[in-house]
Amino acid sequence: MRLYLKDPLAILADGAAGGLVIEDGRIAELVPGGGRPSQPVDATFDASRHVVLPGLVNTHHHFYQTLTRAHPSATDKALFPWLVGLYPYWARLDPESFRLSVRLALTELLLSGCTTAADHHYLFSAGLEDAIDIEAEEAAQLGIRVTLTRGSMDVSVKDGGLPPDSVVQDADTILADSERLLSRHHDRGEGAMLQIALAPCSPFSSSLAVMRASAELAERHDCRLHTHLGETEDENRYCQELFGCRPLDYLEEAGWLGPRTWLAHGIHFTTDECRRLGAHKVGVCHCPTSNAVLASGFCPVNELQAAGAPVGLGVDGSASNDASNMMEAVRHALMVARLNYRAPEAMTARDALRLATEGSATCLGRADIGRIAAGRQADFALFTLDELRFSGAHDPIAALVLCGAHRADRVMVKGEWRVIEGTPVGVDLPALREAHGRAARRFA
């Protein structure tokens, strides 16, 4: 079927002022202003009330953390004490509460215009060994694209790390399950709905042996690598004291310094380290909201991009962001950049949107999403400007960022509507809210 999205109010694409045509889940044609499709269409959607964006791509999250938002044990703390305060609660995760946390996070993301989400799950306490399989099931049910990273921790408190013994696994278990998930779920093809990446958690919770073995597995199975790096000065001190080097040197020793890798946060990199990351095409996921909540610092977005490093955007976990909203993250990225560089021109609204679309897609190694162009996947976020906050706005695309859009009216993934008139297809929102809230009370 050929669907024509006709005459949008605005669209983040060149040569598509008249809309676009979708066929077989892909963009078949861009229609210039005043033009019409070159071939007959089977259906038309009037987009004259909508600002059309490429589907937003979230490159770092922890879905399970929706159960511990605004938790008294972690509020107003920096990263290390924040982690120590929350690990005992996260150790209580069970399959039922975890499934609800995933469903709620993915639904939130969809409602914010996100069409592809990467999750970093690294907690595998007893009974939760199939966590990634649960995530795969929930994503398929909602129809959202995902990169599910098989996280891992094998360094606990007794080894000088931060996590309790109950949530870590030994190296053999980690690597065997990583290989199982790659063989079962990882789709390398164009238009993939599910991909697997390998993601030892951080230098202070994962051993060098697991980091190296994960890199070897990723090479063999052609998948991405992901970890936290450069998030705090505490991490720098930890690496200097234990390994005698900075975190980026540790990453290089593990065999991770290459284009398969994308990193979460990337705040505390020197100018020279930014150049090294760019030279090796290592991606960085900027998490402005979480970085602000934890007072971690400013990601050097412009230096990284100037050096050639892909930079994407992520909401990070819902216990350090306390939301799963990609449009909100776009606005925060703009504000944080202007504060950091003390210059309005440091980041424009369109620059911020590019982080959440093309930049994020590049971090995930995807050339088929992140931009509205013929042949790309038909993933879109459509926003209206009907709310009071937009009244008087003259640039519809900039208005989404500057005036604070936070909920899409329609969202399409692979040519299928997944949000219609602000409601996710097939999701009973009141029932989900009630069930998730009930589960979260176990973590009080």
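Residues numbered from 1 in each chain as written. Predicted model: local features only at pLDDT ≥ 70, side-chain atom pairs only at ≥ 80, totals over all residues. Heavy atoms only, no water.

Q: Sorry, what's going on with the confidence of the model for the protein chain here?
A: Parts of the model with low pLDDT should not have their predicted coordinates read in detail. For the protein chain, mean pLDDT is 96; residues scoring 70 or higher make up 100% of the total. Per-element confidence in the protein chain ranges from a low mean pLDDT of 90 for helix H6 (residues 233-243) to a high of 99 for strand E7 (residues 56-58). (pLDDT = per-residue confidence, 0-100. Helix = DSSP H or I, 4+ residues; strand = E, 2+ residues; numbered from the N terminus.)

Q: I keep staring at the sheet that holds strand E2 (residues 10-11) and nothing clicks. Help me out?
A: Hydrogen bonds between backbone atoms are what pair the strands of a sheet, whose relative direction is either parallel or antiparallel. Strand order in this open sheet of 6 strands is E2-E6-E15-E16-E17-E18, and the pairing throughout is mixed. Because the sheet does not close on itself, it has two edges, and the strands there are E2 and strand E18 (423-424). For strand E15 (residues 380-384) and strand E16 (residues 410-413), the ladder comprises 3 bridges, and the chain directions are antiparallel. Its bridge partner being in E16, Leu382 is matched across the sheet by Arg410. (Pairing = 2+ DSSP bridges.)

Q: Help me understand the environment of Ala264, please; the structure alone is not making it clear to me.
A: The residue Ala264 is located in strand E12 (residues 261-265) in this model. Under the relative-accessibility criterion, Ala264 is labelled buried at 0%. The contacts of Ala264, once residues within four sequence positions are left out, are His60, His226, Thr227, His228, Leu229 and Cys285. (Buried < 20%, exposed > 50% of the residue type's maximum accessible area, 1.4 Å probe, protein only. Contact = heavy atoms within 4.5 Å.)

Q: Sorry if this is basic, but what is going on with the environment of Trp256 here?
A: One can find Trp256 in the loop between helix H7 (247-253) and E12. Taking the C-alpha atoms as reference points, Trp256 and Asp133, separated by 123 residues in sequence, lie 26 Å from one another. Among residues more than four places away in sequence, those in contact with Trp256 are Leu198, Pro200, Met211, Ser214, Ala215, Leu225, His226, Thr227, Leu251 and Thr261.

Q: Where do I start with the packing of aromatic side chains in this structure?
A: Between two aromatic rings, the relevant description is the distance of the centres plus the angle of the planes. Applying the stated criterion to the full structure yields 9 aromatic pairs. Between the aromatic rings of Tyr64 and Tyr122, the centroid separation amounts to 6.0 Å while the plane-to-plane angle is 90°, which identifies the pairing as edge-to-face. Taken as a pair, Tyr64 in the loop between E7 and helix H1 (79-90) and Tyr122 in the loop between strand E8 (114-121) and helix H3 (131-142) lie far apart in primary sequence, 58 residues in all. The burial state of Tyr64 is the same as that of Tyr122; both residues are buried. Ring geometry for Trp82 and Trp90: centres 5.6 Å apart, planes at 70°, overall edge-to-face. The same class applies to Trp82 as to Trp90, namely buried. The cationic tip of Arg442 hangs over the ring face of Phe443; the distance from NZ or CZ to the ring centre is 5.4 Å. (Phe/Tyr/Trp six-rings, centres within 6.5 Å; stacked < 30°, edge-to-face > 60°. Lys NZ or Arg CZ within 6 Å of the ring centre and 35° of its normal.)

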